[in-house]
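# An overview of the molecular structure
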Amino acid sequence: MSLRLAYLGPEGTFTEEALRLMKPGAERLPCATVSAALNACRAGEADGAVVPLENSLEGAITTTLDEFAWGEPLLISAELLLPVQFSLLARPDTELRHIKRVYTHPAAITQCRGFIARELPDAVVVAAPSTAAAAQEVSLPGSPYDAAIAARIAGEHYGLVEIAANIGDRSDTVTRFVRVSRPGPLPEATGSDRTTLVVFLADDHPGALLEMLTEFSVRGVNLSRIESRPTGEGIGRYFFHFDFEGHVSDARVGEALSGLHRICGEVRFLGSYPRADGVAPQIKRGTADADFAEAGDWLTRIRSGQV
Ligand SMILES: O=C(O)C(=O)C[C@]1(C(=O)O)C=C[C@@H](O)C=C1
């Protein structure tokens, strides 16, 4: 039976491209939102889901971060870095000067800010559920929108023409996607892994963030992303999202997690999985697995009086 993966649809989204690259043979279940894709996975309607997590220009995809923190637990099992290039797409015979209403995903609005300001200064830009949903809508006769901003492939899929190509503010923008599934066995450590966590404070006090960071720092664990997100319980109440180098089976990572578990209110483990860029972590002196094992043996010896 083939793997069934939920994603932000309809056909032609960047998320679909990421899914195809991650699992070429998988059956694809398009969903209207990132939350719906994750819930399809939670409910067992899909074996997993592919969702965007962060963008090199715009930063974190906050819906994804919040879903990971609050919903039924899910585990990340893989990541992919996808270069994103946007096109301005319209029905045949549309000219740039005729475009007054543009439809696209909010992430694309942010990433194409320069082009919109320069070429479409008078256009109204409306937020769509996804770039492909925007292209699909624009393709309908009688659509209130003149153009969509989406991947070129979405234009081909929905019969739109490309009015302008590569309209992103930068040509090297990359979105990081992750594949998630319901909790189960973790991917094996590869030597080039990443771990993702959500941490809730036990209580707010001076130095709380520094205490958390110290758990990583003293074990030589290198962070690659830290984000604070509001808990919704009032101004100034936040929880934290971390990505860092290493696998939970590495001694230094395991020790840092145990430390956080001791001092924080809740630590939600979101998975250890191979890094898309294959970069191996820098191991600081005294923080390799062998160093932790040797220190453990030493402690056992002195506790038994072998000084
Ligand atoms: O709308 C899409 O095509 C998506 O896959 C979503 C999304 C995002 O959420 O960032 C993915 C990649 C691009 O950065 C723009 C939009």
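Residues numbered from 1 in each chain as written. Predicted model: local features only at pLDDT ≥ 70, side-chain atom pairs only at ≥ 80, totals over all residues. Heavy atoms only, no water.

Per the UniProt record, "domain: Prephenate dehydratase" (unreviewed entry) is annotated on residues 4-182. Secondary structure content for residues 4-182 is 31% helix and 32% strand, while the C-alpha to C-alpha distance between its ends is 13 Å. (UniProt positions renumbered as here; feature names shortened; annotations may be inferred. Helix = DSSP H or I, 4+ residues; strand = E, 2+ residues; numbered from the N terminus.)

A separate point is the pattern of salt bridges. Applying the stated criterion to the full structure yields 20 salt bridges. The salt bridge partner of Arg 97 is Glu 95, with a shortest N-O separation of 2.8 Å. Arg 97 sits in the exposed class, given a relative accessible area of 58%. With a closest N to O distance of 3.3 Å, Glu 245 and Arg 275 form a salt bridge. Of this pair, Glu 245 sits in strand E14 (residues 238-245) while Arg 275 sits in the loop between strand E15 (266-274) and helix H10 (289-303), and the two are 30 residues apart along the sequence. Bridged by salt links that share partners, the residues Glu 54, Glu 79, Arg 176, Arg 194, Arg 225, Glu 227 and Asp 243 form one connected network. (Salt bridge = Lys/Arg side-chain N within 4 Å of Asp/Glu carboxyl O. Buried < 20%, exposed > 50% of the residue type's maximum accessible area, 1.4 Å probe, protein only.)

The next point concerns the sheet that holds strand E10 (residues 161-164). Pairing between the strands of a sheet is mediated by backbone hydrogen bonds and can be parallel or antiparallel. As summarised here, the arrangement of the five strands in space is E8-E7-E9-E6-E10, forming an open sheet in which the pairing is mixed. Each edge of the sheet is formed by a strand with only one pairing partner; in this case those strands are strand E8 (124-127) and E10. Sheet twist, expressed as the average angle between the axes of neighbouring strands with direction ignored, equals 35 degrees. Across four bridges, the pairing between strand E6 (residues 87-90) and strand E9 (residues 147-150) is antiparallel. (Pairing = 2+ DSSP bridges. Axes fitted to C-alpha atoms, helices over the stretch in contact; angles between N-to-C directions.)

Bringing the packing of aromatic side chains into the picture now. Under the counting rule described, the total for this entry stands at seven aromatic pairs. The interplanar angle of 55 degrees and the centroid separation of 4.9 Å between the aromatic rings of Phe 216 and Phe 244 together place this pair among those described as tilted. Of this pair, Phe 216 sits in helix H8 (residues 208-217) while Phe 244 sits in strand E14, and the two are 28 residues apart along the sequence. Through a chain of ring-to-ring contacts, three or more aromatic side chains come together here, namely Trp 70, Phe 200 and Phe 239. (Phe/Tyr/Trp six-rings, centres within 6.5 Å; stacked < 30°, edge-to-face > 60°.)

What follows deals with the site of the ligand. Neighbouring the ligand are 14 residues, the closest being Phe 14, Thr 15, Gln 111, Thr 131 and Thr 175. Note that an oxygen atom of the ligand is positioned 3.0 Å from one of the backbone N or O atoms of Phe 14. Taking Thr 131, its side chain carries an N or O atom lying 2.5 Å from an oxygen atom of the ligand. Out of a free accessible area of 360 Å², the ligand has 99% covered by protein chains. Put simply, the parts of the chain that give the shell around the ligand at least two residues each are helix H1 (14-22), strand E3 (48-55), helix H4 (106-111) and strand E11 (174-181). Among the residues making up the shell around the ligand, the classes are represented as six nonpolar, eight polar and no charged. Both domain 1 (1-83 + 174-184) and domain 2 (86-164) contribute no fewer than three residues apiece to the shell around the ligand. (Near = heavy atom within 4 Å. Polar contact = N/O pair within 3.5 Å; in protein donor to acceptor, adjacent residues only side chain to side chain. Areas by Shrake-Rupley, 256 points an atom, 1.4 Å probe, with all protein chains shown as cover. Nonpolar A, V, L, I, M, F, W, Y, C, P; charged D, E, K, R; others polar. Domains from an automatic or database assignment.)

This part takes up the domain arrangement of the protein. Partitioning the protein into structural domains gives domain 1 (1-83 + 174-184), domain 2 (86-164) and domain 3 (186-307). Look at where the C-alpha atoms of domain 1 and domain 2 centre, and you get two points 24 Å apart. With eleven residues of domain 1 at the contact, the number on the domain 2 side is 16 residues. Taken over both partners, the interface formed by domain 1 and domain 2 buries close to 1000 Å², and the fraction arising from carbon and sulfur atoms is 63%. Taken together, the residues that form the side of domain 1 that touches domain 2 break down as five nonpolar, four polar and two charged. (Contact = heavy atoms within 4.5 Å. Buried area = accessible area lost by both parts, 1.4 Å probe.)

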